[in-house]
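# Secondary and tertiary structure notes
This is what each chain is made of:
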Amino acid sequence: MSSPKLRRQIAWEAARLMYSRECSEYFNAKQKAARRIYKGWIKPADLPTNAEIREQVQLLARISEGDQGYSKRLLEMRLRAAWWLRKLTPFHPKLIGSVLTGSIREGSDIDIHVFAASPESIAIVLDEQGVFYHMQRKRVEKNGEQRVFTHLHVRDQFPVELTVYHPSLLGFNFRSSITGKPIERAGIGELERVIAIEHDVDANGQAEQMLTMDACPDRSNVFLSLLVPLENVRQSPRYHPEGDALFHSMQVFALAKDVMPYDEEFLLAALLHDVGKAIDPDDHVASGLEALEGFISERTAWLIQHHMESHKIQDRTIGARRRKRLAAHPWFEDLCLLGDCDRAGRVPGAEVEEPEEALEYIEQLDEMFE
């Protein structure tokens with residue numbers, strides 16, 4: 001019989017297992033935690049929910065992060081905001097909201113006001129940066145007047161929301177719709193002073209950070225740039241009756257998401273295992289790993305490196321010594337599971353997500369466990 005106290009203990013232990021990556025699935029974490037905490041049988045209905053475990057994971061993250069971690073994240077968000085203010089200079093950008101005031105919380109956006117006669121002119125800059133974004137036009141009634149606000153939602157290292165205003169409003173004194181008080185906002189110079197004073201990072205240090213950001217593209221953009229060319233990679237109908245390599249990759253990802261929906265490293269291996277086919281079809285594994293170097297974990301790289309051997313294991317064409325060596329590896333079961341998804345992902349006409357949707361899902365996982 002499960003008590004509220006026992007349920008909380010199991011939720012905490014399950015969260016610890018997931019936070020330490022001993023388990024990647026909620027179901028497995030619950031079962032393992034229940035066995036550790038309670039020796040008897042517990043009805044599945046009495047186990048903690050996924051949401052309860054997720055709350056404990058987030059609590060663990062806050063405990064682990066501490067005040068220093070919070071300050072580090074705030075600095076990172078402010079530096080990224082400064083980077084965007086520089087990129088958007090022609091549109092007189094102003095930072096507002098929690099990143100400026102220092103009151104960030106889980107899921108906080110970098111909120112920026114920009115001024116342009118046309119949102120499309122800002123979209124051109126976003127396209128040049130190679131980021132994912134979508135435009136939203138929102139109709140709002142204020143003081144009995146209907147107004148349309150245009151927002152550009154940018155998926156970046158931290159989510160960015162650009163609110164577009166006409167240049168004629170550049171000097172307008174914006175006020176909070178909740179408090180009626182003027183909204184705090186800062187241009188690039190003001191933000192740099194805040195960073196220098198509150199984080200003790202001088203102008204030279206900030207400039208170095210900007211250069212680093214210019215040199216390091218967002219990993220999702222890297223992944224997308226490697227996935228899109230797969231649409232033009234035709235494969236042997238004998239082995240791949242489903243068609244092009246992108247369609248196959250999206251099928252493998254969908255199957256991987258069914259079996260391990262919260263394992264980011266495994267999902268990336270499924271999604272990216274064939275990206276090298278658009279680079280060097282003669283050695284797609286090595287060329288793919290070279291292109292992904294620095295953007296994926298050791299486990300993801302290992303799974304991609306050996307995914308062709310998973311087929312030899314299934315076909316019993318692999319040497320006994322090689323199979324024994326692979327079988328001794330801690331990620332061997334994951335490799336076999338990836339091979340199952342790879343072989344099953346060859347169905348003509350199957351329904352799949354777009355690459356952008358798959359990457360969005362993975363980014364949400366990354367944010368959930370940060």
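Scroll up a little and you will see the structure.
Residues numbered from 1 in each chain as written. Predicted model: local features only at pLDDT ≥ 70, side-chain atom pairs only at ≥ 80, totals over all residues. Heavy atoms only, no water.

### Overview of the overall build of the protein chain
The number of helices and strands found in the protein chain is 16 helices and six strands. Taken over the C-alpha atoms alone, the protein chain extends approximately 75 × 55 × 45 Å along its principal axes. Looking at the protein chain as a whole, 45% of its 370 residues qualify as buried. Partitioning the intrachain contacts of the protein chain with sequence separation of at least 6 by distance along the chain shows that 64% fall at a separation of at least 24. Total accessible area on the protein chain stands at roughly 20,100 Å², and carbon and sulfur atoms take up 50% of it. When the 46 positive and 58 negative side-chain charges of the protein chain are each reduced to one mean point, those points stand 6 Å apart. (Helix = DSSP H or I, 4+ residues; strand = E, 2+ residues; numbered from the N terminus. Buried < 20%, exposed > 50% of the residue type's maximum accessible area, 1.4 Å probe, protein only. Contact = heavy atoms within 4.5 Å. Areas by Shrake-Rupley, 256 points an atom, 1.4 Å probe, with all protein chains shown as cover. Lys, Arg positive; Asp, Glu negative; His and termini not counted. Charge placed at Lys NZ, Arg CZ, Asp CG, Glu CD.)

### Examining the packing of helix 9 (residues 245-259) against helix 10 (residues 264-272)
Following both chains from N to C, one finds helix 9 and helix 10 inclined at 160°, their axes separated by 7 Å at the closest point. Relative to helix 10, helix 9 is oriented roughly antiparallel. Pair helix 9 / helix 10 crosses with right-handed handedness. Side by side, helix 9 and helix 10 meet where Ser249, Met250, Val252, Phe253, Ala256, Lys257 and Val259 of the first sit next to Phe266, Leu267, Ala270 and Leu271 of the second. Here the contact of helix 9 with helix 10 is composed, by residue class, of nine nonpolar, one polar and one charged. (Axes fitted to C-alpha atoms, helices over the stretch in contact; angles between N-to-C directions. Parallel < 35°, antiparallel > 145°, perpendicular 65-115°, else oblique. Left-handed = near helix turned anticlockwise from the far one by under 90°. Nonpolar A, V, L, I, M, F, W, Y, C, P; charged D, E, K, R; others polar.)

### Considerations on the pattern of salt bridges
This model, assessed by the stated rule, comprises 19 salt bridges. Residue Glu13 is joined to Arg16 by a salt bridge in which the shortest nitrogen-to-oxygen separation is 3.0 Å. Here the residue Glu13 and the residue Arg16 both occupy positions in helix 1 (residues 4-19), the gap between them amounting to three residues, near one helical turn. When its relative accessible area of 12% is taken as the criterion, Glu13 is described as buried. (Salt bridge = Lys/Arg side-chain N within 4 Å of Asp/Glu carboxyl O.)

### Some points on the packing of aromatic side chains
Scanning the entire structure with this criterion turns up seven aromatic pairs. When the centroid spacing of 6.4 Å and the interplanar angle of 50° are considered together, the rings of Phe115 and Phe174 count as tilted. Of this pair, Phe115 sits in strand 2 (residues 110-115) while Phe174 sits in the loop between strand 5 (160-165) and strand 6 (185-186), placing them 59 residues apart in sequence. A relative accessible area of 8% means that Phe174 is categorised as buried. (Phe/Tyr/Trp six-rings, centres within 6.5 Å; stacked < 30°, edge-to-face > 60°.)

### Looking at unusual backbone geometry
In this structure, His92 is a non-glycine residue whose phi angle is positive, near 50°. Examined against the element boundaries, His92 turns out to sit in the loop between helix 3 (50-87) and strand 1 (94-96).

### A short note on the nonpolar core
In this structure, Leu271, Leu272 and Leu292 are the most contacted members of the largest nonpolar core, which totals 42 residues. Elements supplying a minimum of two residues to this core: helix 8 (219-227), helix 9, helix 10, helix 11 (284-292), helix 12 (298-305), helix 15 (332-344) and helix 16 (355-368). Broken down by element, the residue count for this core peaks at seven residues, all from helix 10. (Core = buried A, V, L, I, M, F, W, Y, C linked by side-chain atoms within 4.5 Å.)

### Quick word on helix 5 (residues 119-129)
Listed as buried for helix 5 are Pro119, Ile122, Ala123, Val125 and Leu126. End-on view of helix 5: buried residues confined to an arc of 155°, all on one side of the axis. Once helix 5 finishes, Gly130 follows within two positions and takes phi at roughly 70°, a positive value. (Arc of directions from axis to C-beta.)

### Some thoughts on the pairing of strand 2
Along any regular strand, the residues point their side chains to alternate faces of the sheet. Counting buried positions over the six residues of strand 2 gives six, a clear majority of the element. Here strand 2 shows two buried faces, one formed by Ile110, Ile112 and Val114 and the other by Asp111, His113 and Phe115. Bridge count for strand 1 against strand 2 is three bridges, and the pairing is antiparallel. Its bridge partner being in strand 2, Lys94 is matched across the sheet by His113. In terms of strand pairing, strand 2 meets strand 5 through six bridges, oriented parallel. Bridge pairing in strand 5 links Ile112 to Leu162. (Pairing = 2+ DSSP bridges.)

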